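As a plain string of letters, each chain reads:
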Amino acid sequence: MQDLQYMDALIMVLKKLVSMITEKWLFLEKELNAMLDSFLENLPDLWHNYLNRCA
C-alpha cells in the first residue's frame, strides 16, 4: 500500500515536471519566432546598410 502512495506521488511530480517543460518550450518557441520575425523584418535595411558600407 505504501509503495502505491509513493508511486502516485512520483507520477504526480513527473506530470508536473512534464507540464512545466512543455509550458517553457512553448514560451521559448514564441520568443524565438518573435526574434526571427523581427530579424527578417529588418533584413532589407540591414542588407542595404551593409552594401552602402562596402561601396
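If you're wondering where the values come from, they're calculated on a predicted model, not measured in any experiment. (Residues numbered from 1 in each chain as written. Predicted model: local features only at pLDDT ≥ 70, side-chain atom pairs only at ≥ 80, totals over all residues. Heavy atoms only, no water.)

Novice: Which residues make up the overall build of the chain, and what values do they have?
Specialist: The helix and strand inventory of the chain stands at one helix and zero strands. Taking 2.2 N^0.38 as the reference for a compact globule, 55 residues should give roughly 10 Å; the C-alpha atoms of the chain span a radius of gyration of 23 Å, well beyond that estimate. Each principal axis of the C-alpha atoms in the chain carries an extent, and together these give about 80 × 15 × 5 Å. Split into buried and exposed, the 55 residues of the chain put 0% on the buried side. Accessible surface for the chain amounts to roughly 5,600 Å². Of this, 67% is attributable to carbon and sulfur atoms. Between the averaged position of the 5 positive side-chain charges in the chain and that of its 8 negative side-chain charges there is a distance of 3 Å. (Helix = DSSP H or I, 4+ residues; strand = E, 2+ residues; numbered from the N terminus. Rg over C-alpha atoms; globule rule 2.2 N^0.38 Å. Buried < 20%, exposed > 50% of the residue type's maximum accessible area, 1.4 Å probe, protein only. Areas by Shrake-Rupley, 256 points an atom, 1.4 Å probe, with all protein chains shown as cover. Lys, Arg positive; Asp, Glu negative; His and termini not counted. Charge placed at Lys NZ, Arg CZ, Asp CG, Glu CD.)

Novice: Report on helix H1 (residues 2-54), specifying residues and quantitative values.
Specialist: Since the α-helix packs 3.6 residues into each turn, any two residues three or four apart lie on the same face. In a regular helix each residue adds 1.5 Å, so 53 residues correspond to 78 Å; H1 covers 73 Å between its end C-alpha atoms and thus fits that length. Maximum bend of H1: about 45°, positioned at Leu-43, with proline Pro-44 one to four residues after it. (Expected span 1.5 Å × (residues − 1). Bend = angle between axes of the 7 residues up to and from the residue.)

Novice: Residues and numbers for a nonpolar patch on the surface, please.
Specialist: On the surface, Met-7, Leu-10, Ile-11, Leu-14, Leu-17 and Ile-21 cluster together into a nonpolar patch covering about 550 Å² of accessible area. Relative to the elements of secondary structure, Ile-11 occurs in helix H1. Note on Ile-11: relative accessible area 40%, which makes it partly exposed. (Patch = residues over 30% accessible without salt bridge, like charges linked within 9 Å, V, L, I, M, F, W, Y side chains within 5 Å. Salt bridge = Lys/Arg side-chain N within 4 Å of Asp/Glu carboxyl O.)

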